[in-house]
Amino acid sequence: MRSLSGIQPSGALHIGNYFGAIKQYVDMQDRHEGYYFIANYHAMTSLRDREALRANCLDLATDFLALGLDPGKSVLFLQSDVPEVTELTWLLSTVTPMGLLERCHAYKEKTAEGLPADHGLFAYPVLMAADILIYNSDVVPVGQDQKQHVEVTRDIAEKLNNTYGELLKLPAPLILDTTAVVPGVDGRKMSKSYGNAIMIFEEPKDIKAKVMRIKTDSTPVEDPKDPEQCSVFALYRLFATDEQREAMAERYRKGGVGYGEAKKELVPLMADYFAAAREKRAALAASPDTVLDILREGGRKARAEAQATLARVRDAMGCL
Ligand code: ADP
Ligand code: TRP
């Protein structure tokens, strides 16, 4: 069973990205053949600074590896190391109805946020379809916001298969566990665009300052509190053992624990949780060539697979 997903190199990873995506990719490694890539072609629809894009790609690869993505088990690569994907994008475009793309929410949202209405942004789902189909992926683990794009991918693949014969495997979306959306310091969903995110690898003193700023209600220390309504507890539970979580929930319900105290206990748990990854990250960051070598090796493997799919499709569509 092959699992494939891409993540855009759009800045430092936060705790929501970790629990909502990266941790799940890492956990899947033993059960699935993982193909995980850095979607730098997609990022070009919104980031137009050469140095920033290059730095983000290297940082993201370093983060992935530090957080446990194992190149011995999964293929980690850069989207642009497989240029075949852009050729398949064109071939797929020839059977993609405009209406299908016009219905995509992401395009409407991004242009409403002020991104220029460029063709690349509009055709973004076709590139994503090519990403998925070129590696014969079985499942695509994504957040809820990307589900529509996986459905579009299936529609495009069906259209091509109906026109030219059974060429492409239809993938299934695997919606990541978003029952526990990680809250940010203001209580809304943690997101880099809301400025409320705690980054995985930021300085421990900055993490502490952010935790101490998490918004809570004004229930007095001695009163009972509902742990399920509290952002501090929502974060605490991610880092705590089962016993620690239950003990803290009990203290909330009984009263006597203040939010400040809960925050102070959360800080070291967070630091311990990522301590090994932080060390690994520092070692990898000191040796960017090692990270690049891993990406290039992943790219070679992915490319061989992509070339086989592309050859099949080109031939079926009438390339001489
Ligand atoms: P952001 O909202 O910060 O821009 P992205 O949209 O780039 O994050 O998300 C990358 C991945 O991380 C997606 O799979 C998404 O579902 C997951 N993710 C992002 N924020 C959260 C969150 N607060 N809780 C859980 N998962 C999240
Ligand atoms: N569009 C996805 C996002 O913004 C990233 C992505 C690109 C992707 N290609 C993909 C995800 C293929 C899954 C499969 O998050």
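Everything numeric here is computed off the predicted structure, so don't read it as measured data.

1. Brief notes about the site of ligand 1
Here is step 1 of the chain: Taken together, His14, Gly16, Asn17, Gly20, Ala21, Gly143, Val181, Val182, Lys189, Met190, Ser191 and Lys192 make up the full set of residues adjacent to ligand 1.
Here is step 2 of the chain: In this structure, Gly16 approaches ligand 1 through a main-chain N or O atom, which is 3.1 Å from a nitrogen atom.
Here is step 3 of the chain: Lys192 places a side-chain nitrogen or oxygen 2.7 Å from an oxygen atom of ligand 1.
Here is step 4 of the chain: Alone, ligand 1 offers 540 Å² of accessible surface; in the complex the protein occludes 83% of this.
Here is step 5 of the chain: Considered class by class, the residues forming the shell around ligand 1 number 4 nonpolar, 6 polar and 2 charged.

2. Concerning the packing of helix α4 (residues 84-93) against helix α7 (residues 119-134)
Here is step 1 of the chain: Running from amino to carboxyl end, α4 crosses α7 at an angle of 115 degrees, the nearest separation of the two axes being 8 Å. Taken together, the axes of α4 and α7 lie roughly perpendicular to each other. In this structure, α4 meets α7 at a crossing whose hand is right-handed. Residues Glu84, Val85, Leu88, Thr89, Leu92 and Ser93 of α4 touch α7, and the partners they reach there are Val126, Leu127, Ala129, Ala130, Asp131, Leu133 and Ile134.

3. A word on the layout of surface pockets
Here is step 1 of the chain: If you add up the space inside the second largest pocket, you get close to 330 Å³.
Here is step 2 of the chain: Along its surface, the second largest pocket is lined by 17 residues, and Thr89, His119, Gly120, Ala123 and Tyr124 are the ones closest to its centre.
Here is step 3 of the chain: Mapped by element, the contributors of at least two residues to the lining of the second largest pocket are α2 (40-43), α4, α5 (98-102) and α7.

4. Quick word on the pairing of strand β1 (residues 2-7)
Here is step 1 of the chain: In terms of burial, β1 is a largely internal element, 5 of the 6 residues being buried.
Here is step 2 of the chain: Handedness of the crossover joining β1 and strand β2 (residues 33-38) through helix α1 (residues 15-28): right-handed.

5. Focus on the side chain of Asn136
Here is step 1 of the chain: As for its position among the elements, Asn136 is in the loop between α7 and β4 (139-142).
Here is step 2 of the chain: A polar atom in the side chain of Asn136 sits 3.5 Å from the side chain of Thr309.
Here is step 3 of the chain: Setting aside its immediate chain neighbours within four residues, Asn136 contacts Arg2, Lys169, Glu305, Thr309 and Arg312.

6. Some points on the domain arrangement of the chain
Here is step 1 of the chain: Splitting the chain by domain gives domain 1 (2-181 + 288-317) and domain 2 (202-273).
Here is step 2 of the chain: Here the C-alpha centre of domain 2 lies 36 Å away from the C-alpha centre of domain 1.
Here is step 3 of the chain: On the side of domain 2, 4 residues touch domain 1, which itself brings 4 residues to the contact.
Here is step 4 of the chain: Interface of domain 1 and domain 2: buried area, both sides summed, is about 370 Å²; carbon and sulfur atoms make up 85% of it.
Here is step 5 of the chain: Among the residues domain 1 hides against domain 2, the three largest losses belong to Ile15, Tyr18 and Phe19. Together they make up 87% of the total.
Here is step 6 of the chain: Inspection of the domain 1/domain 2 interface yields 0 salt bridges.
Here is step 7 of the chain: Summed over the shared surface of domain 1 and domain 2, the result is 0 residue pairs in polar contact (both at pLDDT 80 or more).
Here is step 8 of the chain: For the side of domain 1 that touches domain 2, the per-class residue count stands at 3 nonpolar, no polar and 1 charged.

7. A look at the site of ligand 2
Here is step 1 of the chain: Contacts to ligand 2 come from 14 residues, most closely from Gln8, His42, Tyr124, Asp131 and Gln146.
Here is step 2 of the chain: Taking Tyr124, its side chain carries an N or O atom lying 2.8 Å from a nitrogen atom of ligand 2.
Here is step 3 of the chain: Here a nitrogen atom of ligand 2 and a side-chain polar atom of Gln146 are 3.1 Å apart.
Here is step 4 of the chain: Protein coverage of the free-state accessible area of ligand 2, which is 370 Å², stands at 90%.
Here is step 5 of the chain: Sorting the residues of the shell around ligand 2 by element identifies β1, α7 and β4 as the ones contributing at least two each.
Here is step 6 of the chain: Top element by residues in the shell around ligand 2 is α7. It accounts for 4 residues.
Here is step 7 of the chain: The residue makeup of the shell around ligand 2, split by class, is 8 nonpolar, 5 polar and 1 charged.

8. Describing unusual backbone geometry
Here is step 1 of the chain: Within the chain, Asn136 stands out as a residue other than glycine whose phi angle is a positive 50 degrees.
Here is step 2 of the chain: Judged by relative accessible area, Asn136 falls into the buried class, the value being 16%.

9. Quick word on empty space enclosed by the protein
Here is step 1 of the chain: Tallying each qualifying case throughout the model produces 1 cavity of 30 Å³ or more.
Here is step 2 of the chain: Empty space within the largest cavity amounts to approximately 50 Å³.
Here is step 3 of the chain: Of all the elements in the fold, those that place two or more residues in the lining of the largest cavity are α6 (105-112) and α7.
Here is step 4 of the chain: Top element by residues in the lining of the largest cavity is α7. It accounts for 4 residues.
Here is step 5 of the chain: Residue composition of the lining of the largest cavity, grouped by class: 7 nonpolar, 1 polar and 1 charged.

10. Observations concerning helix α10 (residues 231-239)
Here is step 1 of the chain: Of all the positions in α10, only Ser231, Val232, Phe233, Leu235, Tyr236 and Phe239 are classed as buried.
Here is step 2 of the chain: Close packing links the buried residues of α10 with α1, α11 (242-254) and α12 (259-273).

11. Overview of the pattern of salt bridges
Here is step 1 of the chain: What the rule picks out here adds up to 23 salt bridges.
Here is step 2 of the chain: A salt bridge links Arg296 to Asp81, with the shortest nitrogen-to-oxygen separation between them at 2.7 Å. Taken as a pair, Arg296 in helix α14 (residues 288-317) and Asp81 in the loop between β3 (74-78) and α4 lie far apart in primary sequence, 215 residues in all.
Here is step 3 of the chain: Note that Asp242 is salt-bridged to Arg245, the shortest N-O span being 3.1 Å. In this pair, Asp242 and Arg245 both sit in helix α11, 3 residues apart, roughly one turn of the helix.

Rules behind the numbers
- Residues numbered from 1 in each chain as written.
- Chains lettered and ligands numbered in written order.
- Predicted model: local features only at pLDDT ≥ 70, side-chain atom pairs only at ≥ 80, totals over all residues.
- Heavy atoms only, no water.
- Near = heavy atom within 4 Å.
- Polar contact = N/O pair within 3.5 Å; in protein donor to acceptor, adjacent residues only side chain to side chain.
- Areas by Shrake-Rupley, 256 points an atom, 1.4 Å probe, with all protein chains shown as cover.
- Nonpolar A, V, L, I, M, F, W, Y, C, P; charged D, E, K, R; others polar.
- Axes fitted to C-alpha atoms, helices over the stretch in contact; angles between N-to-C directions.
- Helix = DSSP H or I, 4+ residues; strand = E, 2+ residues; numbered from the N terminus.
- Parallel < 35°, antiparallel > 145°, perpendicular 65-115°, else oblique.
- Left-handed = near helix turned anticlockwise from the far one by under 90°.
- Contact = heavy atoms within 4.5 Å.
- 1 Å grid on protein atoms, 1.4 Å probe; cavity = no way out; pocket = protein on both sides within 12 Å on 5 of 7 lines; lining within 4 Å.
- Points joined across faces, edges and corners; volume = space filled by probe spheres on them.
- Buried < 20%, exposed > 50% of the residue type's maximum accessible area, 1.4 Å probe, protein only.
- Right-handed = clockwise from strand over helix to strand, strands pointing away.
- Domains from an automatic or database assignment.
- Buried area = accessible area lost by both parts, 1.4 Å probe.
- Salt bridge = Lys/Arg side-chain N within 4 Å of Asp/Glu carboxyl O.

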